[in-house]
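One letter stands for each residue in the lines below.
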Amino acid sequence: MKYYIETYGCQMNVSDSELVSSILRTAGHTEVNSIDEADLLLFNTCSVREHAEQRVLGRIANERHRKKHKPELKIILLGCMAQRIGQSLLNENCGIDYVVGVDQYRALPAIINQEPSALIDFDFDEVYEELMPIHSGSRCGFVTIMRGCNNFCSYCIVPYVRGRERSRPYPEILKDIQLAIDNDLKDITLLGQNVNSYQWQDLSFPKLLLKLNDIKGLHRLRFVTSHPKDFSDDLILIMRDCDKVCEHIHLPMQSGDSGILDMMNRGYSYEHYLSRILKLRDAIPEVSITTDLIAGFPGETEAQFESTLSAMREIEFDYAFCFKYSPRSGTAAADSKDQIPEEIRLERLQRMIDLQREITLKKFRAQIGKTVEIYIEDFSKKSMAQLSGKTRDFKIAVVSGNESQIGKMVMAKVVDATAGTLICE
Ligand code: SAH
Ligand code: SF4
Ligand code: F3S
């Protein structure tokens, strides 16, 4: 059969869609790039915020009409929503035929020959060994090194939909990286909800980086996500010493107020977070730092919110992903009686975004005059005479050039910058 996958959410889902693709292809099915041709329509979904779920439900409502003209079309729900609300969606007859959870992808080829059903049991031994992920056309590779999360931050649904933390064996990681290199992917990101707690036999995360740094043919190595509570001095020094490891860290702060961090069950104070940043900048002065921030967590006072704004001014992140708190049923924070009214959450989010835009512009403009390495990924969105790619420190850069440079590393001088793009020559 012909299948089409739509992927939502984080890079973990991108990586999982590549696994699913490999499983379906091995079972004799063919991927198509047009939804019109598909017999199997797969949605790999995200539950992290209400909005993410609403989008997918809207997409499914839009596509189910296809079944009128093509009764054999099957709609399959994968990923975190499958895990969280898949069974009830199946019962509601909203067009979904099968629901397959995050640890059950190997059963996909079998389930599509059965009556409509859901398979969402967790399997904490499943780390998807011995598969050959099919890379999804991007020039950057994602390699999952661990699955699940044990942290239970009080706002977060991920531990409930992804199950307990488990690390993938080193030989599997090596095999997946080699496959990415063979596919000429020059920028590879190691994935896990909390990569710092990677542990396989006596291999810790810093030691893993040290070993991977020696792989021939590897150009750039990154990793997400790091948790500030586990972000060790050891790791900082190894980042500094490994030449393939890029000068960028994504270190979600969530809030700049220690009281709110405590309520979030994050396991660190603002002072600890700041100490990590200072240590990092001391070891790698040119490091770029990005973060995630939440506005309007239950009980957040105006003064506590302002602590986050002053932390943003103090640290000056290169970029921040800012989110409005979204209550997720089943998490501890969703039960709090101190929910912040929607209009205040929105207003705080906007102030956060406005401040970060100023800081990002300043950070990007500080690059003017420097020479940077750009990994050319594609034509720029605006013009075919311009190419676009990323610098080692994870900034989008555009430079003039031609098609033959796509997939190559080029050196270029930054001549101008906006709050999001380096303009290079
Ligand atoms: N494991 C990663 C990614 C978690 S999800 C980590 O720990 O950082 C990505 C981001 O979504 C989080 O960092 C957080 O900022 C945001 N997020 C998670 N749950 C949320 C919620 N209920 N409301 C708003 N933002 C949320
Ligand atoms: Fe969610 Fe916290 Fe786990 Fe990240 S570390 S996935 S925010 S529970
Ligand atoms: Fe979303 Fe699941 Fe990732 S909830 S953020 S797709 S782990």
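Fair warning: this is a prediction, and the values are worked out from it, not measured in the lab.

## Topic: the pairing of strand β10 (residues 187-191)
Argument step 1. Most of β10 is tucked away, with 5 of its 5 residues classed as buried.
Argument step 2. Across 5 bridges, strand β7 (residues 140-144) lies against β10 in parallel orientation. Paired with C140 across the strands is D187, a residue of β10.
Argument step 3. Sheet topology places β10 next to strand β13 (residues 220-224); 5 bridges connect them, and they run parallel. When the bridges of β13 are listed, L190 appears paired with F223.

## A look at the packing of helix α11 (residues 270-283) against helix α12 (residues 302-315)
Argument step 1. Contact geometry of α11 with α12 gives a least axis separation of 12 Å together with a crossing angle of 10°. What the angle tells us is that α11 and α12 run roughly parallel. At the point where α11 passes α12, the crossing takes the right-handed sense. When α11 is examined against α12, the residues Y270, Y273, L274, I277 and R281 are found in contact with a partner set consisting of A311, E314 and I315.

## Observations concerning unusual backbone geometry
Generally, phi is negative for residues other than glycine and the peptide bonds are trans, each holding for most cases.
Argument step 1. Geometrically, the link from V224 to T225 is a cis peptide bond, its omega value of 0° lying close to zero.
Argument step 2. Turning to its location among the elements, T225 is positioned in the loop between β13 and α9 (233-241).
Argument step 3. Although it is not a glycine, F152 adopts a positive phi angle of roughly 50°.
Argument step 4. With respect to the helices and strands, F152 occurs in the loop between β8 (146-147) and α6 (158-162).
Argument step 5. Within the chain, Q201 stands out as a residue other than glycine whose phi angle is a positive 50°.
Argument step 6. Examined against the element boundaries, Q201 turns out to sit in the loop between β11 (199-200) and β12 (203-204).
Argument step 7. Note on Q201: relative accessible area 62%, which makes it exposed.

## What about the site of ligand 2?
Argument step 1. Around ligand 2 sit C149, N151, F152, C153, Y155, C156, V158, P159, Q193, H227 and R266, and that is every residue in its neighbourhood.
Argument step 2. Within the shell around ligand 2, the residues separate by chemical class into 7 nonpolar, 3 polar and 1 charged.

## As for the nonpolar core
Argument step 1. Counting 68 residues, the largest nonpolar core has I177, L190, F205 and L208 as the members making the most contacts within it.
Argument step 2. Take this core: its biggest share by element is 6 residues, from α11.
Argument step 3. Setting aside its immediate chain neighbours within four residues, L208 contacts I145, Y170, I173, L190, Y198 and L203.
Argument step 4. Among the nonpolar cores identified, the runner-up in size contains 20 residues, and Y8, F43, V56 and L89 belong to it.

## Looking at the site of ligand 1
Argument step 1. What surrounds ligand 1 is a group of 15 residues, the closest being Y155, Q193, Q254, D292 and S326.
Argument step 2. D292 places a polar side-chain atom, nitrogen or oxygen, 2.6 Å from an oxygen atom of ligand 1.
Argument step 3. Contact distances for ligand 1 include 2.8 Å between a nitrogen atom and a backbone N or O atom of S326.
Argument step 4. Its free accessible area being 540 Å², ligand 1 has 89% of it covered by the protein chains.
Argument step 5. Mapped by element, the contributors of at least two residues to the shell around ligand 1 are β15 (288-295) and β16 (319-324).

## Digging into the pattern of salt bridges
When charged atoms on two side chains of opposite charge get close, those side chains can pair.
Argument step 1. Evaluated as defined, the whole model comprises 39 salt bridges.
Argument step 2. Across the pair K175 and D176 runs a salt bridge whose closest N-O atoms are separated by 3.1 Å.
Argument step 3. Of the residues examined, K175 reaches a relative accessible area of 27% and is grouped as partly exposed.
Argument step 4. Residue class for D176 comes out buried when judged on its relative accessible area of 6%.
Argument step 5. Several salt bridges share partner residues, and in doing so they unite E300, E302, E306, E347, R348 and R351 into one network.

Reading the values: the criteria
Residues numbered from 1 in each chain as written. Chains lettered and ligands numbered in written order. Predicted model: local features only at pLDDT ≥ 70, side-chain atom pairs only at ≥ 80, totals over all residues. Heavy atoms only, no water. Buried < 20%, exposed > 50% of the residue type's maximum accessible area, 1.4 Å probe, protein only. Helix = DSSP H or I, 4+ residues; strand = E, 2+ residues; numbered from the N terminus. Pairing = 2+ DSSP bridges. Axes fitted to C-alpha atoms, helices over the stretch in contact; angles between N-to-C directions. Parallel < 35°, antiparallel > 145°, perpendicular 65-115°, else oblique. Left-handed = near helix turned anticlockwise from the far one by under 90°. Contact = heavy atoms within 4.5 Å. Near = heavy atom within 4 Å. Nonpolar A, V, L, I, M, F, W, Y, C, P; charged D, E, K, R; others polar. Core = buried A, V, L, I, M, F, W, Y, C linked by side-chain atoms within 4.5 Å. Polar contact = N/O pair within 3.5 Å; in protein donor to acceptor, adjacent residues only side chain to side chain. Areas by Shrake-Rupley, 256 points an atom, 1.4 Å probe, with all protein chains shown as cover. Salt bridge = Lys/Arg side-chain N within 4 Å of Asp/Glu carboxyl O.

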